[in-house]
Each structure stands twice: as C-alpha cells, then as structure tokens.
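Understanding the architecture of this molecule
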Amino acid sequence: MKKSLLYIGLCALILSTACNRDKEFLDVPPSDILQNDQLWNDEGLILSVLADLYDRYPDRQTDVNNSPIPSMVVQTIDNWGEFARFDEAFASENGQYWRHSFVEYPYVFPGMIVKGGAEVTYWDYAYIRELNIFIEKCAASTKLKQEVKDRFVAEARYLRAVVYFEEVKRVGGVPLILKAMEYDYKSDPSYLQSPRAKESEIYDFVISEMDTVKKYVPASPVSKTRVTVGLALATKTRAALYAGSIAKHGAETPQVTLPGGEVGIPASKAAAYYTTALQAAQELIATGSYSLYKKNTDNLTQNFISLFIDKGSNPEVIFAKDYKLQSGRVQPWTLWSQPRSNAEEQQGGRLNPSLNLVQSFELLDNTFAPLPTNAAGGDYIYYNDPLDLFANRDPRLAATVILPGSEFKDKKVDIWAGYIKKDGSIVTGDNFGAKGKLEPGGADVQVVGFDGPVNNLEFSAQSGFIIRKYMDPTVGSGRIGTQSEVWWIRYRYAEVLLNAAEAAFELGQAGVAAGYINQVRERAGFTIPLTAAQITFDRIVHERKVELAFEGHEFWDMKRWRLAHKIWNGAKVPLTTTPGSATAVSTRVFGLWPYKVYNPGSPNNGKYVYKQVLPGAVTSAHLFRLGNYYAFIDEGIRSNNPKIVKNPNQ
C-alpha cells in the first residue's frame, strides 16, 4: 500500500513538474507574430505597416483580374482597358471588345473595382478599420519621438481621408467611421450600424483632414511617394472643386439626389467650395515648391513626353505610385501597348486613342477644327507625309498619341491601312504587314502596315493611333521578363493650376482663371494667351481633356459636371464637328486610317490620304443613365445595415 501511494505521489510530482514545464513552454512568445508592445514602439516596424497601407491606396484603374498574362498581378496604370471605357480610346484586344458593344452602363459601374471577375462598388471598410487601428495604436505609443508619431498618424489620416474621397466620388455619402469598432459577439450588433452621412459631410471631412494633415508632414517637395504639405493642399483643392461642381451643376439634375442629402449637394454651398478650392490651390502655388516641367523647352512635344517618365528632380510631380526594376514592382503599360512593328515581345497595340480625342487638340492659333481629310470638292487631301495632317496642332497631341509616321524607340511606326487606287478600290490585307498584288499578275508587295490597322485584328492600331503617354522608351520595357519602372502620377502641378482656373472661373474671376490656364497652355506651346473674355466653361472642359488625357480624370470630370448623360446619351451620332464644345455627343469611338495612293503617273502617287472609320467592334452607342452617377450599393451591404439607404434612379 505504501509502495502504491509512493508510486502515485511520484507520478503526481512528475506530472506536476511536466505541467509546469509545459506551461512555461506555452508562455514563450511566438517568433513569427509581433506583439502590440513590440510593433507600436518600434519606428521601423510601424513604418513597414504604413508602407503596406500606402500600397493599398485606391486608384480608379485598380483591377486584379484584367491581366492577359497568367499569374500577373496588375495595379493602377496596368489596367489599360479602363481607359477604353468611354470615348478616349479603343481597346484592341478580343477579350476587351465588349467595351464597345454594350449599350447601358451597369449601375455598379462607377464602383470601378473588380473582384472575382465582376465589378463591385468600392466600399472598403476593412481598409478604413485598419487605418483607424493604426491611428489609435500609433498615437498611443510611448516610445516614439513626438514628431515621428505625429507624422505617422497624419499620413494614416491622409490615407483614410482618401478612402472616403474615393468612396464619396463613387457612391455619395457613406457612414463616417473614425474609430476601430469591435463586436462583442454577445449583444445586438445594431450599435455598430451607422447611417450614410450627407455627401457634403464627407467632402467637408476630407477638406478638414487636409488642414490637419499639413501641420505634421514635411513641407519639402522631395518625397513623391509619401504625404507632404503640397499633397495635402493638392488633395484639398481637388476635393473642394469636386464638391463645388456637384453643388452647382447638380442643380441641372435634381432627380439625382436623395432627400436626406446622402446624394446631392445644395447649390447654395457651391461658392464656398469653389473659394476653398481656389485658396488651397493658391496656397500651394505660393509655396514655390512645384512648377511646370520645362526641361526640354526646345522640343515641346518631347518635353511633355518626358514629364511622365522623368523621375529625376521632376518639379511637377506631387504624388506618384512608384515602380522599380528588379524589385518585383514593375508595370506592363509599355509591354501591352507598344507598337507591334518594333515590339520586344509578341505583345502590344492594345490601347488605341480615338479620333474623338485626337481632333480635340486644337490648332496653335487657338481655334478648333476637325482634321482635314477631304477638299471642298469632295476629293481627298493628299499628304506627302502622314504626319502632315497633324501639323500646327497642340504639341501635346504627339506627346499623348503615337501618330501615323511618328517614332517610338527611335523607329518609325508602321501605321497604314492599305493602298487606295485610282478607281477608289482598296488593296489591303488581314494581318500585320500582309502582302498583296496591286496589279493582276503583279509582284506581291506589302499592302498594310506592320502596326495595322486591320479591322477586328487585335493588337493592331484599329483607331489608326497608339497610346504615347507613359510609354517607356528604355530597352526591355516591352519584355515580359523586364517591363517598366515608369511611375503613375496621381497628383501634378498642372492639375492644380487647372483646378485654380476652374474655381476662379466659377467665382466670376475670369481674368484670374485666364492667368492660370495660360500657364499650362504656354508650356504646351501656345503663344497667343487666352483673354478673360475667352475663358468659358467649354474652355475649362477642353483644357482638362487634352492636358489630363489618360490620367484617370475624364470619368470623374464628366460625372461632377453632370455632363456624362449628355455626352454618352446612347445616340448613334456621327463624329462631332465641334470638338471644342463641352456638350458634343460622343458615344462611339471613331478612327482615322491612312492609306497610300497607288496611281502610277499621277503626281499624287505614293502620297497619303485619310479615311474616317468606325472600327468593326464598335457596334453600340454608350448610354450613361442618371442612375450611373452614383454606384449601386450592394444588397449585402444594405442587408447587413438596414440604415443604408439606396441610391436614386436604380
């Protein structure tokens, strides 16, 4: 018996000792998880978390499922297809032709975010919650220097304000949540449900946050990828301008409102918002920290090209998403749209600027005119060089668009659609650089350019043009294994000047507006300044259209001006002959194809003529409905929170 008790006692002692050791083992901090006191008191670790939050900055071109290359993650500038959503460009890829064949935009459309192959509304409260947690935890840190803590918190507050800005642009007012909410898993979760704020309240929040943020971030313009005073002011002027224009122009569409103010801003608020936008722009301008890019004043086209690819002491860039070769952070803009005639891989030709956009670039005498392709008698106009058609146009045209006969990577692009004979018949081919006979029994000769255009041939220049802006001229930028490190510019000084011009114009200060808009036009190459009397709403709309083309502004501008339903009205109309009009209908993407003349013995033999075309994939006219001004709020969101009211006209 004693032996048995002794045995039991020894077992108990051993078990007790083992349990204590197990407890000590289980109490060892994990090596792969950071504890709160480790993270929030370590400047380097906090910065790494902040970097991840920066990397999730929402851009309109965000689309993680649009890549034609398997396993490639795409972001921002990479989603070239979104630029062919309206009338700026044609999407020359079989899988993207749907953009030109549907009629009505879906109501979720302004959401602009794709998940699982379908568009959904941008409603990212997970990101907002992480930003709220960061702000609270970082602010409570006891071991960071105060100035470091203040900057980190200000940067997170900036990002949070940007999320709300992007949400209000898409859906109008949203719940304004400024603390990290926690569910106790016990009680009714209704205490976590908040109604939508007014649209104006979200804009007011964004504007006020910029005033706070700028107190704690660097004034130096050196950083282009983190928040600075300049970025806070640039964001403030953009947000205030958006709010002001919605207030003013929203009066033209009273049916695009909600009685609680979740959608729509009273017209009475317009002047105050415009004043805020102008003052913020003027404050930024007065700092002298930024200026228009003018490193190549002897070649204005090249100067505008370089603006977007020069990452060395670029005085115009305020904020950009950066990329770096051999770092895993590269982008395929050049790979996907390089001219096929000199492509580094069998990729390219995807984004074709439209004739609609091309003819919007005015003549250097400040006048607008369609591109001249036919003489008064109806005969073609004959050009010795295909580029002659575009002579004396705004130099920004050739910097934005690769035109027939122009060069990329020091090689002339090969854009021409075939030969046109004396009797008007056309000899062409169905592939890049195809050959054919100009005479029965004659020799085979090349009858179409190596860049096309060929109707319905993907990757050919089906509009007659190829994108130029943001294209990388360096060797390797067109290879799958290399790609490009050209950055995506989110804010630049020229936009600030145009924001100031628009706000001043809306406040009745046409002379002030002319001063700002003329700075942008002078850099472009215009030598005749616009007078105060010449500053009209049409001029404001036009200047943004050509200066900011392919930078993600067109949709938001048309939406805030309440022009979208007028421009994209579903009518199958011809290409406008008044490209300077803000309300010219533009529902289909037109092209302009150059042809070589085959007429032996004629002085026009070998010259070029142009024909306006409608690409074969363009089968419908876009219809932007009143319900498209604000994105559809998913049923799941409204089911989880019954306080969320539905957007109008849906």
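Residues numbered from 1 in each chain as written. Predicted model: local features only at pLDDT ≥ 70, side-chain atom pairs only at ≥ 80, totals over all residues. Heavy atoms only, no water.

1. A closer look at the layout of surface pockets
The method is simple in principle: a probe with the dimensions of a water molecule rolls over the atoms, and the space it marks as empty is what remains. Put simply, the test is: Cavities and pockets are found on a 1 Å grid laid over the protein atoms alone: a cavity is a set of points where a 1.4 Å probe fits but cannot escape, a pocket is an open set with protein on both sides within 12 Å along at least five of seven lines, and a lining residue has an atom within 4 Å of such a point. Grid points are joined across faces, edges and corners, and a volume is the space filled by probe spheres set on the points. Going along the chain from the N terminus, every DSSP run of H or I of four or more residues is numbered as a helix, and every run of E of two or more is numbered as a strand. Put simply, Ala, Val, Leu, Ile, Met, Phe, Trp, Tyr, Cys and Pro go in the nonpolar bin, Asp, Glu, Lys and Arg in the charged bin, and everything else, Gly too, in the polar bin.
Computed from the structure, the largest pocket encloses a volume of approximately 560 Å³. Around the largest pocket, the lining is made up of 22 residues, and of these Tyr125, Met181, Leu192, Gln193 and Asn641 lie nearest the centre. Broken down by element, the lining of the largest pocket gets its largest block of residues, five residues, from helix H4 (residues 125-140). In the lining of the largest pocket, the residues fall into 13 nonpolar, six polar and three charged.

2. Re the side chain of Glu506
This is how it is decided: Whether two residues touch is decided by their heavy atoms; if any such pair falls within 4.5 Å, the residues are in contact.
Looking at the secondary structure, you find Glu506 in helix H13 (residues 493-506). When residues no more than four places from it in sequence are discounted, the contact partners of Glu506 are Lys248, His249, Tyr274 and Phe537.

3. With respect to empty space enclosed by the protein
One pass over the full model with this rule turns up five cavities of 30 Å³ or more. A volume near 320 Å³ is recorded for the largest cavity. Asp87, Val541, Lys545, Glu554 and Met558 are, among the 28 residues lining the largest cavity, the residues nearest its centre. Elements represented by at least two residues in the lining of the largest cavity include exactly helix H15 (537-547) and helix H16 (554-560). Broken down by element, the residue count for the lining of the largest cavity peaks at five residues, all from H15. Its residues assigned to classes, the lining of the largest cavity shows 11 nonpolar, 10 polar and seven charged.

4. Comments concerning the sheet that holds strand S9 (residues 419-421)
Inclusion rule: For two strands to be treated as a pair, DSSP must find no fewer than two bridges joining them.
One open sheet holds the four strands; their spatial order is S10-S9-S15-S16, and the pairing between them is mixed. Two strands bound the open sheet, and with one partner strand each, they are strand S10 (426-427) and strand S16 (608-613). Here S9 runs beside S10; their pairing, made up of two bridges, is antiparallel. Directly across from Ile420, in S10, lies its bridge partner Ile426.

5. What about the packing of aromatic side chains?
Our working rule: Aromatic rings from Phe, Tyr and Trp, with only the six-membered ring used for Trp, were paired whenever their centres fell within 6.5 Å, and each pair was classed as stacked if the ring planes differed by under 30 degrees, edge-to-face if by over 60, and tilted otherwise. Buried means the residue's accessible area, taken with a 1.4 Å probe over protein chains only, is under 20% of the maximum for its type, while exposed means over 50%, and partly exposed covers the values in between. Look at NZ for Lys and CZ for Arg. If either is within 6 Å of the ring centre and within 35 degrees of the ring normal, a charge sits over the ring.
This model, assessed by the stated rule, comprises 32 aromatic pairs. Aromatic pair Tyr105 and Phe624: ring centres 6.1 Å apart, planes at 65 degrees, arrangement edge-to-face. Here Phe624 lies in the loop between S16 and helix H18 (635-640) and Tyr105 lies in the loop between strand S1 (89-91) and strand S2 (113-115), a separation of 519 residues in the sequence. Both residues of the pair, Tyr105 and Phe624, count as buried. Relative to Phe205, the ring of Tyr164 lies with its centre 5.6 Å away and its plane at 85 degrees, an arrangement referred to as edge-to-face. Highlighted residues: Tyr164 in helix H5 (residues 146-171) and Phe205 in helix H6 (residues 199-213), separated in sequence by 41 residues. Each member of the pair, Tyr164 as well as Phe205, carries the same accessibility label: buried. Taken together, Phe86, Trp98, Phe102, Tyr105, Phe555, Trp556, Trp568, Phe624 and Tyr629 form an aromatic cluster joined through their ring pairs. In this structure, Lys596 packs its charged tip against the face of Trp416, placed 4.0 Å from the ring centre. Looking at Arg625, its charged tip hangs above the ring of Tyr107, at a distance of 4.0 Å from the centre.

6. What about the pattern of salt bridges?
In plain terms, the rule: One speaks of a salt bridge when a side-chain nitrogen belonging to Lys or Arg is within 4 Å of a carboxyl oxygen belonging to Asp or Glu.
As enumerated under the stated definition, the model contains 43 salt bridges in all. A salt bridge links Arg523 to Glu547; the shortest N-O distance between them is 3.2 Å. Of the two residues, Arg523 is situated in helix H14 (residues 510-524) and Glu547 in helix H15; the sequence distance between them amounts to 24 residues. The same class applies to Arg523 and to Glu547, which are both buried.

7. A closer look at the confidence of the model for the protein chain
Stated formally: Summary of the metric used: pLDDT quantifies the predictor's per-residue confidence within the range 0 to 100.
On average, residues of the protein chain score 91 in pLDDT, and 90% of them are at 70 or above. Under a pLDDT of 50 for its full length, residues 1-19 has, in the predicted model, zero contacts with residues more than four places off or in other chains. Contacts from residues 62-76, a stretch scored under 50 in pLDDT, to residues over four places away or in other chains number 39 contacts.

8. Quick word on H4
Selection rule: The length a helix should cover is 1.5 Å for every residue beyond the first.
With 16 residues, H4 should cover 22 Å at 1.5 Å per step; its first-to-last C-alpha distance of 22 Å lies within 8% of that length. All of the buried residues along H4 are Tyr125, Tyr127, Ile128, Leu131, Asn132, Phe134, Ile135 and Cys138.

9. Structural notes on the nonpolar core
Cut-off, in case you're wondering: Nonpolar cores were defined as sets of buried Ala, Val, Leu, Ile, Met, Phe, Trp, Tyr and Cys residues, with membership established by side-chain atoms within 4.5 Å.
The biggest cluster of nonpolar side chains holds 111 residues, and the ones touching the most others in it are Phe134, Tyr158, Leu159, Tyr164, Tyr203 and Tyr491. The element contributing the most residues to this core is H5, with 14 residues. What Leu159 contacts, discounting residues up to four positions off in sequence, is Leu50, Leu53, Tyr54, Tyr57, Tyr127 and Leu131. Within the second largest apolar cluster, 51 residues are counted, among which are Ile77, Phe308, Ala320 and Trp488.

10. Considering unusual backbone geometry
Going from Gly452 to Pro453, the amide bond is cis rather than trans, its omega being 10 degrees. Positive phi, close to 50 degrees, is recorded for Ser313, a residue that is not glycine. Within the secondary structure, Ser313 sits in the loop between helix H9 (300-307) and strand S4 (317-321). A relative accessible area of 68% means that Ser313 is categorised as exposed.

11. Quick look at H15
Judged by how many residues are buried, H15 sits mostly within the fold: nine of 11 residues are covered. Those residues of H15 not exposed but buried are Phe537, Arg539, Ile540, Val541, His542, Glu543, Arg544, Val546 and Glu547.

12. Here we look at the side chain of Arg468
Definition in use: Just so you know, the count uses Lys and Arg for positive and Asp and Glu for negative, and it drops His and the chain ends.
In this structure, Arg468 sits in the loop between strand S13 (466-467) and strand S14 (488-492). One buried charged residue, Arg468, forms no salt bridge at all, with the nearest opposite charge on Asp472 at 8.1 Å. Here Arg468 is in contact with Ile305, Ala398, Ala399, Thr400, Val401, Ile402 and Phe408, once residues within four sequence places are set aside.

13. Here's the deal with the environment of Leu50
Within the secondary structure, Leu50 is located in helix H3 (residues 43-55). Taking C-alpha positions, Leu50 is 9.8 Å from Leu159, a pair spaced 109 residues apart along the chain. With near-sequence residues (within four places) excluded, Leu50 lies in contact with Phe134, Phe152, Glu155, Ala156, Leu159 and Arg226.

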